[in-house]
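# Structure at a glance
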Amino acid sequence: VQLQASGGGLVQAGGSLRLSCAASGVSFNSAAMGWFRQAPGKEREFVAAIGRSGRTTYYTDSVKGRFTTSRDNARSTVYLQMNSLKPEDTAVYSCAAYLHVYGSSWLRGIGYDYWGQGTQVTVSS
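## As for the packing of aromatic side chains
- For the coordinates displayed, the defined rule picks out seven aromatic pairs.
- On the basis of an interplanar angle of 85° and a centroid distance of 5.2 Å, the ring pair of F36 and Y112 is categorised as edge-to-face. Pair noted here: F36 is in strand β4 (residues 32–38) and Y112 is in the loop between β9 (91–98) and β10 (114–115), with a separation of 76 residues, a long-range link.
- On the accessibility criterion, F36 (3% relative accessible area) is buried.
- Owing to a relative accessible area of 9%, Y112 belongs among the buried residues under this scheme.
- Ring pairing ties together the aromatic residues F36, F46, Y58, Y98, Y112 and W115, which thus form one cluster.

Given below as structure tokens:
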């Protein structure tokens, strides 16, 4: 299983970025997908998640109204649109796949099976 995140970069506060995470070697339609981030010196933070069909999503409070996650099952890709970026959004962003058939812990950022390498997002003030 490979999860490859891309789309990070340097942006000014108030700007936007769209992250992509392409999956291979996994039945993408069977996976809930999550986005996590880790800033230097801080613990990993669960940011957003999207269910298998795309109908159910979750956002941590700090990004609600600014970030939107979506998925294209035909392309085995999940996206994270980030708008109104703030310096505190600076982190390495990673995607993860949740393959358990039952359970909803993916909505709490728990139980993810596979992780991708991250992409750096830097927001300057």
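## Section: the pattern of salt bridges
- Taken as a whole and assessed by the stated rule, the structure comprises five salt bridges.
- The salt bridge involving E45 is made with R37; its shortest N-O contact spans 2.7 Å.
- Judged by its relative accessible area of 27%, E45 falls in the partly exposed class.
- By relative accessible area, R37 is classed as buried at 6%.
- Shared partners join several salt bridges into a network, and the residues in it are R37, E45, R66 and D89.

## So, the pairing of strand β11 (residues 119–124)
- A one-sided burial pattern is seen for β11, the buried positions being T119, V121 and V123 and the unburied ones Q120, T122 and S124.
- Of the pairings in the sheet, the one linking strand β2 (residues 9–12) to β11 comprises four bridges and is parallel in character. When the sheet's bridge partners are listed, V11 is paired in β11 with V123.

## What to know about the nonpolar core
- Formed by 29 residues in total, the largest nonpolar core has its most connected members in M33, W35, F67, L80, M82 and Y93.
- Mapped by element, the contributors of at least two residues to this core are β1 (2–6), β3 (17–24), β4, β5 (45–50), β8 (77–82), β9 and β11.
- The residues touching F67, leaving out its near neighbours within four places in the chain, are R37, V47, Y59, L80, Q81, M82, N83, L85, D89 and Y93.
- Residues F46, A96, W106 and Y112 belong to the second largest nonpolar core, which totals eight residues.

Basis of the calculations
- Residue numbers restart at each chain and count upward from 1, following the sequence in its written direction.
- Per-residue local features of the predicted model are confined to residues with pLDDT of at least 70, and side-chain atom pairs are confined, for both listing and counting, to 80 or more; whole-chain, interface and lining totals are unaffected and use all residues.
- Calculation of side-chain values draws on the structure's entire complement of heavy atoms; hydrogens and water are dropped beforehand.
- Pairing of aromatic rings covers Phe, Tyr and the six-membered ring of Trp, with a centre-to-centre limit of 6.5 Å; geometry is then stacked below 30 degrees between planes, edge-to-face above 60, and tilted otherwise.
- Here a helix means four or more residues in a row that DSSP labels H or I, a strand means two or more in a row labelled E, and each is numbered from the N terminus.
- Each residue gets one of three labels from its accessible area relative to the maximum for its type: buried under 20%, exposed over 50%, partly exposed in between, using a 1.4 Å probe on protein chains only.
- One side-chain nitrogen of Lys or Arg within 4 Å of one carboxyl oxygen of Asp or Glu is enough to make a salt bridge.
- If DSSP finds at least two bridges between two strands, the strands pair.
- In this description, a nonpolar core means a group of buried Ala, Val, Leu, Ile, Met, Phe, Trp, Tyr and Cys residues linked to one another through side-chain atoms lying within 4.5 Å.
- We call two residues in contact when some of their heavy atoms are within 4.5 Å.

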